[in-house]
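Below, each chain spelled out in residue letters.
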Amino acid sequence: MTTRTRKEAARLPLDTILEGDCIEVMRGLPEASVDLIFADPPYNLQLKGELHRPDNSRVDAVDDAWDQFGSFAAYDQFTRDWLAVARRLLKPNGAIWVIGSYHNVFRLGAELQNQGFWILNDVVWRKSNPMPNFRGKRLTNAHETLIWASRDEGSKYTFNYEALKALNEGIQMRSDWVLPICTGHERLKDAKGDKAHPTQKPESLLHRVLLGTTNAGDVVLDPFFGTGTTGAVAKMLGRHFIGIEREKAYRDVAERRLRDVRPFDRSALEVTSSKRSEPRVPFGQLVERGMLRPGEMLTSPSGKAAKVRADGTLVADGVTGSIHQVGAALEGAPSCNGWTYWHIRRDGQPVSIDVFRQQIRSEM
């Protein structure tokens, strides 16, 4: 970390809710100082009149002033402005998530690409308990769309693939997520008992986003903080947050909420990591350290055998090369993971050579 970066990091208002217009506030934050942005911008629903259920009771829809724009052009200008300052705040390997409905997500996606973001995935959040379409003139709107994009095409963004796979019972996480909307105890209420915010996002959604695309200690910015779901989940997961919210009523609710949040203990924050992130151990190190000796024979599950050489290569049936190359040649396969393919006999039992690699890794 350079001296300049340290000074910038020291000025970051970590774990704080900032008051004001998100564009102006973001302009005052240090450049390239944020690891991830989660943004839930106004939908620009363009509602015409009130919405009622069949029993004529009024639906508490999104009709607040912050969701009102005079035209699509005005909304597009707002989108250009906040995305530009948001991109300035991202570190070179940073990323952004934006969420929207059919009213705005296509405009958001186009502007992300216009500004140089690199779209990684779109995720369909399918609501298991959506609000029905009371007028009966359209399909029930049962999903929202999230767009995940890195700051640049070449950014080395964070993706905890194995952690998300573990979260999904060992199956690769897909881009369609079935999660409920906020109900019951999770739905925050104001002093009158009404919804504190019309579009409060569930903690389960942010848990999946932050677990999968940030690491403990990362800085997560939410420029449309609302009642603080991003901050609450970030705090629980050991991430830092910066929230920006112009509405005092939402800030008050978020501050009360965050005071009651307790971080998980450090050991609980450890997640399943990718094998690619583990330290590389050359097979030759096993020979150098005497775990395997030149001249010893390795065997495969299919009964193939190869001799260990002093330089960490193998020889078998006139084939010489690495543990991977020789294994592939003997099996007539395009590739072979030599670490799991080859075994050595110890105390009369076959032992995978990967056991020795893991021993060295544990010392590293």
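Everything below is about the structure shown above.
Within every chain, residues take consecutive numbers counted from 1 along the sequence as written. In keeping with the predicted nature of the model, local features appear solely for residues at pLDDT of at least 70, side-chain atom pairs appear and are counted solely at 80 or more, and the whole-chain, interface and lining totals rest on all residues. For the side-chain quantities, the full set of heavy atoms in the structure was used; hydrogens and water were omitted.

K.L.:
I'd like a rundown of the overall build of the chain, residues and numbers included.
P.N.:
Secondary structure summary: the chain contains 12 helices and 14 strands in total. Looking at the chain as a whole, 44% of its 364 residues qualify as buried. Any pair of residues with heavy atoms lying within 4.5 Å of one another is described as a contacting pair. Long-range contacts, defined as pairs at least 24 residues apart, comprise 67% of the intrachain contacts of the chain with a sequence gap of at least 6. Summed over its atoms, the accessible surface of the chain is roughly 19,300 Å², and 49% of this surface lies on carbon and sulfur atoms. A run of H or I in DSSP becomes a helix once it reaches four residues, and a run of E becomes a strand once it reaches two; helices and strands are each numbered from the N terminus. Throughout, exposure labels follow a simple rule: accessible area from a 1.4 Å probe, protein chains only, divided by the maximum for the residue type, with under 20% read as buried, over 50% as exposed, and the rest as partly exposed. Residue burial considers only the protein chains on display, and all accessible areas are found by Shrake-Rupley using a 1.4 Å probe.

K.L.:
So what's going on with the packing of helix H3 (residues 72–89) against helix H4 (residues 105–114)? Which residues, and what values?
P.N.:
Orientation is described by lines fitted to C-alpha atoms, with helices fitted over the stretch in contact, and by angles between N-to-C directions that extend from 0 to 180 degrees. It is at 10 Å that the axes of H3 and H4 come closest, and there the two elements cross at 45 degrees. Relative to H4, H3 is oriented oblique. Every pair of crossing elements has a handedness; the one defined by H3 and H4 is right-handed. Seen from H3, the contacting residues are Phe 72, Tyr 75, Asp 76, Thr 79, Arg 80, Trp 82 and Leu 83; seen from H4, they are Arg 107, Leu 108, Glu 111 and Leu 112. Each residue is assigned to one of three groups, with Ala, Val, Leu, Ile, Met, Phe, Trp, Tyr, Cys and Pro labelled nonpolar, Asp, Glu, Lys and Arg labelled charged, and all others, Gly among them, labelled polar. Taken together, the residues that form the contact of H3 with H4 break down as 6 nonpolar, 1 polar and 4 charged. Roughly parallel covers angles under 35 degrees, roughly antiparallel covers those over 145, roughly perpendicular covers 65 to 115, and oblique covers all other angles. Handedness of a crossing follows from how the near helix is turned relative to the far one, being left-handed for an anticlockwise turn of less than a right angle and right-handed for a clockwise one.

K.L.:
Could you give me a rundown of the pattern of salt bridges, with the residues and numbers involved?
P.N.:
The term salt bridge refers to a side-chain nitrogen of Lys or Arg lying within 4 Å of a carboxyl oxygen of Asp or Glu. Within this structure, the stated rule accounts for 15 salt bridges. Of the charged contacts in the structure, one is a salt bridge between Asp 76 and Arg 107, with a shortest N-O distance of 2.8 Å. Pair noted here: Asp 76 is in helix H3 and Arg 107 is in helix H4, with a separation of 31 residues, a long-range link. Classification of Asp 76 as partly exposed rests on a relative accessible area of 21%. The exposure class of Arg 107 is partly exposed, given its relative accessible area of 30%. When the shortest N-O distance is used, the salt bridge between Arg 151 and Asp 152 registers 2.8 Å.

K.L.:
Which residues make up the environment of Phe 78, and what values do they have?
P.N.:
Within the fold, Phe 78 resides in helix H3. C-alpha separation for the pair Phe 78 and Ile 23, spaced 55 residues apart in sequence, amounts to 9.0 Å.

K.L.:
Would you mind going over the pairing of strand S3 (residues 90–100) in detail, with residue names and values included?
P.N.:
Extensive coverage of S3 is indicated by the burial of 8 of its 11 residues. For two strands to be treated as a pair, DSSP must find at least two bridges joining them. Sheet topology places strand S2 (residues 34–39) next to S3; 5 bridges connect them, and they run parallel. Residue pairing in the sheet places Phe 38 in a bridge with Trp 97 of S3. Of the strand pairs in this sheet, S3 and strand S5 (residues 143–150) are connected by 6 bridges, and their pairing is antiparallel. Note on S5: the bridge partner recorded for Trp 97 is Trp 148.

K.L.:
How would you sum up the pairing of strand S14 (residues 349–352)? Please name residues and give values.
P.N.:
With 4 bridges joining them, strand S13 (residues 343–346) and S14 adopt antiparallel strand pairing. Bridge pairing links His 343 to Ser 352 in S14. If you look at the hairpin formed by S13 and S14, you'll find 2 residues sitting between the two strands, and Asp 347 has a positive phi there, around 55 degrees.

K.L.:
Report on the sheet that holds strand S8 (residues 240–245), specifying residues and quantitative values.
P.N.:
Taken in spatial order, the 8 strands of this open sheet run S1-S8-S7-S2-S3-S5-S4-S6, and their pairing is mixed. Of all the strands in the sheet, just strand S1 (16–19) and strand S6 (176–179) have a single pairing partner and so form its edges. On average, each strand axis in the sheet is inclined to that of its neighbour by 20 degrees, with strand direction left out of account. By the bridge criterion, 2 bridges tie S2 to strand S7 (residues 219–222) in an arrangement that is parallel. What sits directly across from Leu 36, in S7, is Val 220. Together, S2, S7 and S8 form the strand contacts of helix H7 (residues 229–236), whose direction differs from that of S8 by roughly 170 degrees.

K.L.:
Which residues make up the packing of aromatic side chains, and what are the values?
P.N.:
Pairs of aromatic rings are described using the distance from one ring centre to the other and the angle between the two planes. Pairing of aromatic rings covers Phe, Tyr and Trp, the last counted by its six-membered ring, and requires centre-to-centre distances within 6.5 Å; plane angles under 30 degrees mean stacked, over 60 mean edge-to-face, and any other angle means tilted. Scanning all chains against the criterion turns up 11 aromatic pairs. Ring plane angle 40 degrees and centroid distance 6.0 Å describe the contact between Trp 97 and Trp 177, whose orientation is recorded as tilted. Separated by 80 residues along the polypeptide, Trp 97 in strand S3 and Trp 177 in strand S6 bring together distant segments of the chain. Residue class for Trp 97 comes out buried when judged on its relative accessible area of 3%. Joined through ring pairs, the aromatic side chains of Trp 97, Trp 148, Tyr 157, Phe 159, Tyr 161 and Trp 177 make up one cluster. Either the NZ atom of lysine or the CZ atom of arginine qualifies as a charge over a ring when it sits within 6 Å of the ring centre and within 35 degrees of the ring normal. The residue whose ring lies beneath Arg 87 is Phe 117, and the NZ or CZ to ring-centre distance is 5.6 Å. Directly above the aromatic system of Trp 125 lies the positively charged group of Lys 127, at a separation of 5.2 Å from the ring centroid.

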